[in-house]
Amino acid sequence: MSLERALPLSFILLLASHTYAANLSYSTYLKDGFTPRSMVADAQGNLYLSGVMVTDTAAGTKSAVVAKLNPQVSAFLYFVYLDSAASDNVTGIAVDSAGNAYVTGSTSNPNFPTTGGTLATPPANAQDSRTYLTKLSPNGAIVFS
């Protein structure tokens, strides 16, 4: 064996003796058609996923969705559709110390569920998109949007 081949092999053996197997904390399947885009965990270990779910396969319509899973990832604590009338997008999620989830994204639905006053005009049509911010309570109810 040449020195050029022996050196890489010995280096690989040295690395292999100092590496550890990956530790998988948990793994699960999600609802069919749900594509998570962002996730965050709270202090209690609950996992929050935000993403999109196909609601009309023929039209390709997607709804913004927020899911909260228990710390064991064995049950959904809530699975909330924010809208399903037009294609929505989710770009991020954050959770405060009280367990409220804040979700951001965009929608082209002029009837996207809003509460209180609006800071801008709703989308005019399917090609017009607006960003949104939605706050969900710890049990998944919309606090504001």
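Residues numbered from 1 in each chain as written. Predicted model: local features only at pLDDT ≥ 70, side-chain atom pairs only at ≥ 80, totals over all residues. Heavy atoms only, no water.

A. Expanded view of a nonpolar patch on the surface. A contiguous nonpolar patch, built from Leu-133, Val-143 and Phe-144 and spanning about 230 Å² of accessible area, is present on the exposed surface. Position of Leu-133 among the secondary structure elements: in strand 7 (residues 130-136). (Patch = residues over 30% accessible without salt bridge, like charges linked within 9 Å, V, L, I, M, F, W, Y side chains within 5 Å. Areas by Shrake-Rupley, 256 points an atom, 1.4 Å probe, with all protein chains shown as cover. Salt bridge = Lys/Arg side-chain N within 4 Å of Asp/Glu carboxyl O. Helix = DSSP H or I, 4+ residues; strand = E, 2+ residues; numbered from the N terminus.)

B. Main features of the sheet that holds strand 1 (residues 34-41). On the basis of which strands lie adjacent, the open sheet formed by four strands has the order 1-2-3-4 and antiparallel pairing. Two strands bound the open sheet, and with one partner strand each, they are strand 1 and strand 4 (76-81). Ignoring which end each strand starts from, the neighbouring axes of this sheet average 20° apart. As paired elements, strand 2 (residues 47-56) and strand 3 (residues 61-69) share nine bridges and run antiparallel to each other. Paired with Met-53 across the two strands is Ser-63, which belongs to strand 3. (Pairing = 2+ DSSP bridges. Axes fitted to C-alpha atoms, helices over the stretch in contact; angles between N-to-C directions.)

C. Highlighting the packing of aromatic side chains. What the rule picks out here adds up to three aromatic pairs. Measuring from ring centre to ring centre gives 5.3 Å for Phe-76 and Phe-79, while their planes differ by 80°; the resulting arrangement is edge-to-face. You can call Phe-76 partly exposed: its relative accessible area is 33%. On the numbers, 5.7 Å between centres and 70° between planes, the contact of Phe-79 with Tyr-81 is edge-to-face. Judged by its relative accessible area of 18%, Phe-79 is buried. Members of the aromatic cluster, connected to one another through ring pairs, are Phe-34, Phe-76, Phe-79 and Tyr-81. (Phe/Tyr/Trp six-rings, centres within 6.5 Å; stacked < 30°, edge-to-face > 60°. Buried < 20%, exposed > 50% of the residue type's maximum accessible area, 1.4 Å probe, protein only.)

D. Structural context of the environment of Gly-33. Within the secondary structure, Gly-33 sits in the loop between helix 1 (3-16) and strand 1. Judged by relative accessible area, which is 30%, Gly-33 ranks as partly exposed. Excluding anything up to four places from it in sequence, Gly-33 contacts Val-52, Met-53 and Val-54. (Contact = heavy atoms within 4.5 Å.)

E. A look at the nonpolar core. Judged by nonpolar contacts, the single largest core of 14 residues is most densely connected at Val-66, Tyr-78, Leu-82, Ala-101, Val-103, Tyr-132 and Leu-136. Secondary structure elements with two or more residues in this core: strand 3, strand 4, strand 5 (88-95), strand 6 (101-107) and strand 7. Tallying contributions element by element places strand 5 first for this core, with three residues. Counting nine residues, the second-largest nonpolar core is a separate cluster that includes Leu-49, Val-65, Ala-67 and Val-73. (Core = buried A, V, L, I, M, F, W, Y, C linked by side-chain atoms within 4.5 Å.)

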